[in-house]
Amino acid sequence: MLTINNLHATVADKPILKGLSLTINAGEIHAIMGPNGAGKSTLGYTLGGRPGYEVTGGSVDFDGADLLAFEPHERAAAGLFLGFQYPVEIPGVSFVQFLRESANAQRTQRGEAPLSGGEFLKLAKEKAGLLRMDMDMLKRPVNVGFSGGEKKRAEMVQMGILDPKLAILDETDSGLDIDALRICGEGINAIMRKPDKAVLLITHYQRLLDYVKPDFVHVLAGGRIVRTGGPELALELEEQGYEAVA
Amino acid sequence: MSEIAALPTRKSEDFRYSDIEALSGVWPVAREEIVLADGEERALQIVEDGAAAVARHLVITLGAGARCDLRILTAGPVFGRVAVDVQLGKGADFTLGAAQLATGSETLEIVTEVLHAEPDATSRQTVRTVLAGHATGTYLGRVAVARGADGTDAAQSVRAMLLDRTATANARPELEIYADDVKAAHGCAVGELDANGLFYLQSRGLTPPQAKRLMLQAFIAEAFTGAADEDALSAAAIARLEAIL
């Protein structure tokens, strides 16, 4: 589904990703772990197409298409979802309006018929329920006044509504208490653990992986993947730290 | 205030940022006198969405306890000027919510003069300006509180959004206070759309114009909140935004 080959990227002319390669197949869940400053978030933003994250070498193939040639909204329509570490507050715009327009913008780009108001609300209600989020919260302005945990749950609701092929989740576990961590973990499983979907979890800690069991764990350090293993690698990292393992 | 017969020049503070050439085509501007009796309530709405130059001059007098809610949308004219002079009686209340949207080389301006002549009156002015291309958008707002007009509460909230670095926003909120017990607040900001927010919206599938339109819709909504015809005003503003983007 996703093939990253020798990816190099800079932020403000500073090289961050230095030859990163990674292949993710449909049906797989991958976790990328690594110390601060390793380039984990840069990987997420670069794949999402954030301005300021400049690709200086390498390639990214997403379902047979050159992902890097796409604008951010085209990447979303192609089936990529980026879960933000720090979801952005948009005062004055309600979640419901934002998500309905987003879902329909994607459908329009894919040549599909837009969802009616009723169809959308039914879908939103179902996905909010998965994340134990009250629909009233989705009538509020995007992320405004939400706690850290609510923002992350709202990200997962968005993922459920937009129904991507590949989700890149950047530190979805940060800022979550134990209950919210479990709810988010279960949400990720319910929405994304399917034969035709894949997930790339970016995280510092092992704890989210208790709920979302990865098929592969990678260690990112110095802008490259320096080690790959199974779920046991995450436990090893947790015990021994990055310096010993990577 | 008597009508100025001669065409003003840019030396006049009230016309400093004006498009005098365009103004000459609609000069002189007729004064539209509106008088609200004691306790009277009225909602007024001005929508200037044609392409031709237009200038309006409203002179509103509010009696004791009268309430006036004025909403303005200027979106489309090559030159659009709305001047509003307000005089507030005791305990009167004046609300202005205005949005001006301009692109190309359009020049739009809102010029207000609100006089708190008697005690205990309130005035709220909310002005939102969106400018693209080489457009100029101006708000000149003077609030005067007369001697003895204690208990006055006057607020001005003025914000402009520049979509291109070539556009120009002018904002000059002014306070002239001769009373002691007065609450007066003014906030003024000129900015650009938040790049983080735009990327966030685009990462969910919105095209760049859709993402901008959504953020700008929220930005100007504050000018129309609570208006009798809020939906129609918003719809007209969104239509113009879509044309600008």
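Residues numbered from 1 in each chain as written. Chains lettered and ligands numbered in written order. Predicted model: local features only at pLDDT ≥ 70, side-chain atom pairs only at ≥ 80, totals over all residues.

Enquirer: Please explain helix α4 (residues 230–244) of chain B as it appears in this structure.
Expert: All names here are of chain B. End to end, α4 covers 21 Å across 15 residues, agreeing with the expected 21 Å (1.5 Å per residue, within 8%). Those residues of α4 that sit buried are L233, A237, R240, L241 and I244. Seen along its axis, α4 keeps its buried residues to an arc of 105°; they face one direction. Exposed residues lying more than 90 degrees from the buried face of α4 are D231, A235 and A243. On its buried face, α4 sits against β4 (67–75), β6 (93–102), β8 (122–131) and α3 (208–224). (Helix = DSSP H or I, 4+ residues; strand = E, 2+ residues; numbered from the N terminus. Expected span 1.5 Å × (residues − 1). Buried ≥ 20, exposed ≤ 12 C-beta atoms within 10 Å, placed from the backbone. Arc of directions from axis to C-beta. Contact = placed C-beta atoms within 7 Å.)

Enquirer: Can you help me understand the interface of chain A and chain B in this one?
Expert: Residue-level contacts link 21 residues of chain A with 18 residues of chain B. Going through the elements one at a time, α2 (72–77), β7 (90–94), α3 (95–109) and α6 (148–162) of chain A are the ones with two or more residues in the side of chain A that touches chain B. In terms of residue count, the dominant contributor to the side of chain A that touches chain B is α3 of chain A (5 residues). Here the residues of the side of chain A that touches chain B are counted per class, giving 13 nonpolar, 6 polar and 2 charged. (Nonpolar A, V, L, I, M, F, W, Y, C, P; charged D, E, K, R; others polar.)

Enquirer: What is the right way to read the sheet that holds strand β11 (residues 216–221) of chain A from this model?
Expert: Strand-to-strand pairing in sheets goes through backbone hydrogen bonds, with the strands running parallel or antiparallel. Residue and element names in this part refer to chain A. One open sheet holds the 6 strands; their spatial order is β6-β9-β10-β3-β11-β12, and the pairing between them is mixed. Only two strands of the sheet have a single partner each, and these edge strands are β6 (80–83) and β12 (224–229). Each adjacent strand pair in this sheet contributes to an overall mean axis angle of 20°, direction not counted. Bridge count for β11 against β12 is 5 bridges, and the pairing is antiparallel. Counterpart to H218 in the pairing with β12 is T228. The strands that helix α1 (residues 40–48) touches are β3 (29–33), β6, β9 (166–170), β10 (198–203) and β11; relative to β9, the one it contacts most, it runs at about 140°. (Pairing = 2+ DSSP bridges. Axes fitted to C-alpha atoms, helices over the stretch in contact; angles between N-to-C directions.)

Enquirer: So what exactly am I meant to see when it comes to the packing of helix α2 (residues 195–202) of chain B against α3 of chain B here?
Expert: When two helices pack together, their arrangement is captured by the angle between the axes and the distance separating the axes. All names here are of chain B. Between α2 and α3, whose axes approach to 9 Å, the crossing angle comes to 125°. In this view, α2 runs oblique relative to α3, as classed from their interaxial angle. As for how α2 packs across α3, the hand of that crossing is right-handed. Only P208, A211, K212, L214 and M215 of α3 make contact with α2, whose side of the interface consists of G197, L198, L201 and Q202. Across the contact of α2 with α3, the residue classes tally to 6 nonpolar, 2 polar and 1 charged. (Parallel < 35°, antiparallel > 145°, perpendicular 65-115°, else oblique. Left-handed = near helix turned anticlockwise from the far one by under 90°.)

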